[in-house]
Structure formats: C-alpha cells, structure tokens
Amino acid sequence: MKTDKKFARAKLNRPSGINSLSEKMAYSGLLLPFMILFVVFTILPIFASIVLSFFDYDQVSTPIWAGLDNYLRTITGDRLFPIVLKNTLVMAVILGPLSYIMAFVLAWCISEFRPIVRTFLAFLFYAPGLVGNAYFVWSIIFSGDANGYANSLLLSLGLITEPIVWFKDLNYNMIIVIVVQLWMSLGVSFLSNIAGIQNVSHDLYEAGAIDGIRNRWQELWYITLPSMKSILLFGAVMQIQSSFSVGPVITALAGYPTLNNSLDTIVTYLTDIGTARYEFGYAAAISVILFLLMLFFRVVVGNLLNLLGK
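In short, a report on the structure.

About the criteria used
Residues numbered from 1 in each chain as written. Predicted model: local features only at pLDDT ≥ 70, side-chain atom pairs only at ≥ 80, totals over all residues. Heavy atoms only, no water. Phe/Tyr/Trp six-rings, centres within 6.5 Å; stacked < 30°, edge-to-face > 60°. Helix = DSSP H or I, 4+ residues; strand = E, 2+ residues; numbered from the N terminus. Buried < 20%, exposed > 50% of the residue type's maximum accessible area, 1.4 Å probe, protein only. Lys NZ or Arg CZ within 6 Å of the ring centre and 35° of its normal. Salt bridge = Lys/Arg side-chain N within 4 Å of Asp/Glu carboxyl O.

Within the structure shown, the criterion is met by 14 aromatic pairs. Centre to centre, the rings of Phe34 and Phe38 are 5.8 Å apart; their planes meet at 20°, and the pair counts as stacked. In this pair, Phe34 and Phe38 both sit in helix 2 (residues 16–52), four residues apart, roughly one turn of the helix. The exposed category is assigned to Phe34, whose relative accessible area is 52%. Assessed through its relative accessible area of 32%, Phe38 is described here as partly exposed. On the basis of an interplanar angle of 65° and a centroid distance of 6.2 Å, the ring pair of Phe125 and Phe190 is categorised as edge-to-face. Of this pair, Phe125 sits in helix 5 (residues 115–130) while Phe190 sits in helix 9 (residues 188–198); the two residues are 65 residues apart in sequence, bridging distant segments of the chain. The exposure class of Phe125 is partly exposed, given its relative accessible area of 29%. Here Phe190 falls in the buried class, since its relative accessible area comes to 0%. In this structure an aromatic cluster arises from ring pairing among Trp138, Phe142, Trp166, Tyr172 and Trp183. The lysine or arginine in question, Arg73, covers the ring of Tyr282, its NZ or CZ lying 3.8 Å from the ring centre.

This part covers the pattern of salt bridges. Per the counting criterion, the structure on display carries four salt bridges. The salt bridge involving Glu279 is made with Arg73; its shortest N-O contact spans 2.6 Å. Residue Glu279 is located in the loop between helix 14 (266–275) and helix 15 (280–305), and its partner Arg73 is located in helix 3 (residues 69–77); the two are separated by 206 residues in the primary sequence. According to the relative accessible area criterion, Glu279 is partly exposed, its value standing at 24%. Between Glu112 and Arg216 there is a salt bridge, with the nearest N and O atoms lying 2.9 Å from each other. Taken as a pair, Glu112 in the loop between helix 4 (81–110) and helix 5 and Arg216 in helix 11 (residues 216–227) lie far apart in primary sequence, 104 residues in all. Put simply, Glu112, Arg216 and Glu219 are held in one network by salt bridges that share partners.

This is the structure in structure tokens:
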C-alpha cells in the first residue's frame, strides 16, 4: 500500500509537460520522413508551378516575365482551352459523384458479408485499379474493326452492317470513356469506405435503436455516415483528384488529339503544351487553374458532408 501511495504521489508530482513533449517529439520523428517527401514532391512543385505560370519559359532560354499573360491567354487567345475545360467539367461532374456513390454503396453492401467473402469481393472490385494499364482490355472490346468483341457481336446479331469506329464516333466515345473510368475508379476510397464502415461502433447502433431509429436507412443517415465523415472526406478528395485528372485512359484508348477534341481534357492538353510544345509557363498556368478547380470542388463537397445527420 505504501509503495502504491509513493508511486501515485510521484506520478502526481512529475511535471506534466515532460510526457507531452516527449510524445510530441516521438510523433514528429515518425512523421518527419513523410513530411520531407510531401514538401519536396508536392508542396514545392505547387509553388514552383505558381511562380512559373507568370513567366514565358521553354526550358532552353532564360525565363521572361509575362505577368498575367498566360492566364489571359486561356480566356482570349486559346480556342482549345474552353473545349478542354468543358470536357473536363463534364467528366468531373459525371464521374465524380457516380464513382463516389458507387464506392460507398458497394462498400456498404460488401460489409454485410462474412470476412472471407468480404475480402474476396473487395479484391474483385479493387482489381481494375490495382492492375496497371488494365484499361487496355477495353481497346480490344471496342476495337474499330470487325475483330473487336463489340463489333463482332453486333455484326453476328445483324444489328450493324459495318464495324463502328467507337473512339472516332462522337455518339459513343464520351460514354465509353466514362464507363471505363468508372470501372477503374473503385480504388483507395472504396477500401477506406469498407474500413470506415467496419469501424463504426455497434454500441452506436444499439443506442440509436433505443432513441427511435427503426430501419437501415435511418441508421445510415444518423449513425453510419456521421461516424465516417473523415473517411468520406478522404474518399471525396481522392475521387475529385481522379475525375479531374482523366488523361492516360483517353490517350491510350482514343489517342491525342481526339476527333474534334471531343475527349481532350485539361490534363491531356497541358501535357501536350508542356512536353511537345515546351511552353512550360503556359502549361504551369493551366495546371494552376486545374488545381483551383479541384480546390473549389473540395470546399463544396466538404460543406455538403457537414450536412450529414442533420
């Protein structure tokens, strides 16, 4: 008993700041490698792009101060930028919400299965995003000749008389790209939703039943979603990034430039400006505009998520 009292007295007399300071230093040490990489490969490139956007630079000659000319060029001096901006917004408005809802609904349904089945289904849905260049299978399905699976099936059924060049047809190319991107969109946000749903305490559901919650929809709105706000915000950020950066899929399936620039996005356009034309200042200005668009939608989605459970 005396030993316990002495231990308790010593614990009370110990300065409270020592533990907190040592813990903060330990946590800071663990975070330091990540923070260094984050600053070097994310923060610094963002600031470098912002600075470079005010210059004319071709990687050979000395940068020349241009002021706001690069930004004004997107409005008055570039006929392609409004087209790629419209295509980007159309894809983002369609792909963003659809992929976000799909990622949550599938995670919600899968979480009801037993662990072995849940793991298998999660891997099955996550596989397209896990395998690099998995979208090339769609180039075989929608090949523009009679050997493509889609054309072969339609020809054999007598529904068409000649092969459809899918990615050169304005009636189909946008729809196909959206479907392919949706197929590949169940990535990190899908897995984080599964983890978030599994970590909601069952005590909350029991307390909700006592307070008058009577069905699964009420559980979802008043318990599950509010308990997952941070996970949902993380998933939203990932889906926003994915929907605004559609580029490699389009280039691989339809090439660049696409027919009448019907599929060209900001990402494919600034890649061409920077790597083919070497107009790095203008490409940096376009990338800053893309960053601001993503930031705007991030704020909008964050405000919408604050309405959950209300």
